[in-house]
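Residue strings, one per chain:
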Amino acid sequence: MSQNYDVIIIGLGGMGSAAAYQLASRGMRVLGLERFTPGHSEGSSHGQSRVIRQAYFEDPAYVPLLLRAYELWEQIERDSGKSLLTITGGLMIGSETSHTFTGSRQSAQLWNLPHEILNATDIQRRFPPLLPTPDVVALYEAKAGFLHPEQSVIAHLDIAAARGAELHFREPALSWESRSGSVRVTTADAVYEAETLIISPGAWAPALMSDLQLPFTITRQVLYWFDPIGGIAPFDARIFPVYIWEVAEDLQFYGFPAQPNVPGVKAAIFHRGQDVSDPNQVDRTISDADTAYFREILQPRIPTLNGPLLSTATCLYTEVPDQHFIIANHPHHENVVIASPCSGHGYKFCSVVGEILADLAIDRTTRHPIGLFDPARFSQKPS
């Protein structure tokens, strides 16, 4: 039994890897446990690109975290010497009453974020592959862009290891327990002890946080890479933005510009995935019906993108009903920190979530506003 750690982290995906980096950078003795390999594609932190934006339609309360996230992404770029964040500009598209547009505008106005409001003519003139109908508008944010998730996870892990973190791969945590002043984590290989535990297991959260009985739902999402009709040049990242397009009240799709060394152009439906009962048994095959449904959405709006399908991938969303995060000290164990920000819009926050988790692990509190993410919201009875 090893008792040489200040903090054990269960899960070294986007959030756990950033927490390991933050803790090791503060001189903590860290053990990280991961069931797969570094930067793997079995969970929620992969897919070659993830949108990052500041004018946040989900809730203006996220904006301060995003402002700090940008700073920390730039910090890990400096530390690692890798380019992890690509700024392209971003469009939040929909009708004038759509949540994607109105929520983005609200956040931009509340936090004085630079932005432009574009009508349908403006959108098509500036970004010719997009064909909005006359009733469509968009908020354009110049600071939006995309992150490289696999590379970002590996960058956080590499720096964490260089700064003293001990990282074990292909060693899933089987169970954990909290005692006064210590925690114990059991794997198939060993039993480990530390002062504090961070649980950031992605789609494995329902099992490892089962004592909290949180209303988690895991869904399988499909990502597509198409070969654009007429060539890839109009989707070049120097002239084409990331975007989220609200087609109906409960239907959005999103996409990216072309990336160097990544064949095709990526797009996907936001949410609307198939329920998954066991993250160890996910159907990774993509049906013709899945693809046909998405093509019907794509064709009238970005017809040149609707070319030959080059590749697909799946990823997992772990959500609660309000689609906000779970980040908090465990309500029953003061030396346990829980994190489930993998709700489909969480990856951009990895850098700042790592800082938050390190704060909670060391100080049991953080300067960042995380009240929105308290799991107690699901146990409160209406008055």
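Here the structure is shown first, and the text comes after it.
Residues numbered from 1 in each chain as written. Predicted model: local features only at pLDDT ≥ 70, side-chain atom pairs only at ≥ 80, totals over all residues. Heavy atoms only, no water.

Tallied over the full model, the rule gives two cavities of 30 Å³ or more. Reported here for the largest cavity is a volume of approximately 440 Å³. Lining the largest cavity are 41 residues, with Gly13, Ser45, Ser200, Pro201 and Gly202 positioned closest to its centre. Secondary-structure elements contributing two or more residues to the lining of the largest cavity are α1 (14-25), β2 (30-34) and β18 (309-319). Lining of the second largest cavity is provided by 16 residues; of these, Arg50, Val51, Tyr254, Phe270 and Gly344 occupy positions nearest its centre. (1 Å grid on protein atoms, 1.4 Å probe; cavity = no way out; pocket = protein on both sides within 12 Å on 5 of 7 lines; lining within 4 Å. Points joined across faces, edges and corners; volume = space filled by probe spheres on them. Helix = DSSP H or I, 4+ residues; strand = E, 2+ residues; numbered from the N terminus.)

What follows is about helix α5 (residues 149-162). A rise of 1.5 Å per residue sets the reference length of α5, with its 14 residues, at 20 Å; its end C-alpha atoms lie 20 Å apart and thus fit the reference within 8%. By the burial criterion, the buried members of α5 are Pro149, Glu150, Ser152, Val153, Ala155, His156, Leu157, Ile159 and Ala160. Lining the buried residues of α5 we find α1, β3 (50-52), α2 (63-80), β8 (145-147) and β9 (166-169). Gly164 sits one or two positions beyond α5 and adopts a positive phi of about 110°. (Expected span 1.5 Å × (residues − 1). Buried < 20%, exposed > 50% of the residue type's maximum accessible area, 1.4 Å probe, protein only. Contact = heavy atoms within 4.5 Å.)

Moving on: the layout of surface pockets. Each pocket or cavity is described by its volume, and for the largest pocket that value is around 360 Å³. Secondary-structure elements contributing two or more residues to the lining of the largest pocket are α3 (99-110) and β15 (251-255). For the lining of the largest pocket, the per-class residue count stands at three nonpolar, seven polar and six charged. Reported here for the second largest pocket is a volume of approximately 250 Å³. Residue lining of the second largest pocket: 13 residues in total, with Phe146, His148, Gln259, Pro260 and Val262 positioned closest to the centre. (Nonpolar A, V, L, I, M, F, W, Y, C, P; charged D, E, K, R; others polar.)

On to the sheet that holds β8, then. Read across the open sheet, the three strands follow the order β3-β8-β4; overall the sheet is antiparallel. This sheet does not close on itself; its edge strands, each paired only once, are β3 and β4 (85-87). The sheet shows a mean angle of 30° between the axes of neighbouring strands, taken without regard to direction. The pairing of β3 with β8 spans three bridges and is classified as antiparallel. Counterpart to Arg50 in the pairing with β8 is Leu147. Docked against the sheet, α2 engages β3, β4 and β8, running at close to 125° with respect to β4. (Pairing = 2+ DSSP bridges. Axes fitted to C-alpha atoms, helices over the stretch in contact; angles between N-to-C directions.)

Take the environment of Gly39 next. Position of Gly39 among the secondary structure elements: in the loop between β2 and β3. Once you skip the residues sitting within four places of it in the chain, Gly39 turns out to touch Glu150, Val153 and Ile154.

To continue, consider the packing of aromatic side chains. Per the stated rule, a full pass over the model turns up 22 aromatic pairs. For the pair Tyr62 and Phe373, a centre-to-centre distance of 5.4 Å together with 45° between the ring planes defines the contact as tilted. Linking Tyr62 in the loop between β3 and α2 with Phe373 in the segment after α8 (350-363), this pair joins segments that are 311 residues apart in sequence. Taken as a pair, Tyr62 and Phe373 share a single burial class, namely buried. Ring centres of Trp73 and Tyr347 lie 6.1 Å apart, and the angle between their planes is 25°; on these two criteria the pair is classed as stacked. Residue Trp73 is located in helix α2, and its partner Tyr347 is located in the loop between β20 (336-340) and α8; the two are separated by 274 residues in the primary sequence. Through pairs of rings, three or more aromatic residues link up here, namely Tyr224, Phe226, Phe235, Phe240, Tyr243, Trp245, Phe253 and Phe294. Over the face of the ring belonging to Tyr140 we find Arg126, whose NZ or CZ atom lies 4.9 Å from the ring centre. (Phe/Tyr/Trp six-rings, centres within 6.5 Å; stacked < 30°, edge-to-face > 60°. Lys NZ or Arg CZ within 6 Å of the ring centre and 35° of its normal.)

What follows covers the pairing of strand β19 (residues 326-329). Sheet topology places β19 next to β20; four bridges connect them, and they run antiparallel. Pairing of Ala328 across the sheet is with Ile338, part of β20. Adjacent in sequence and paired antiparallel, β19 and β20 are bridged by six residues.

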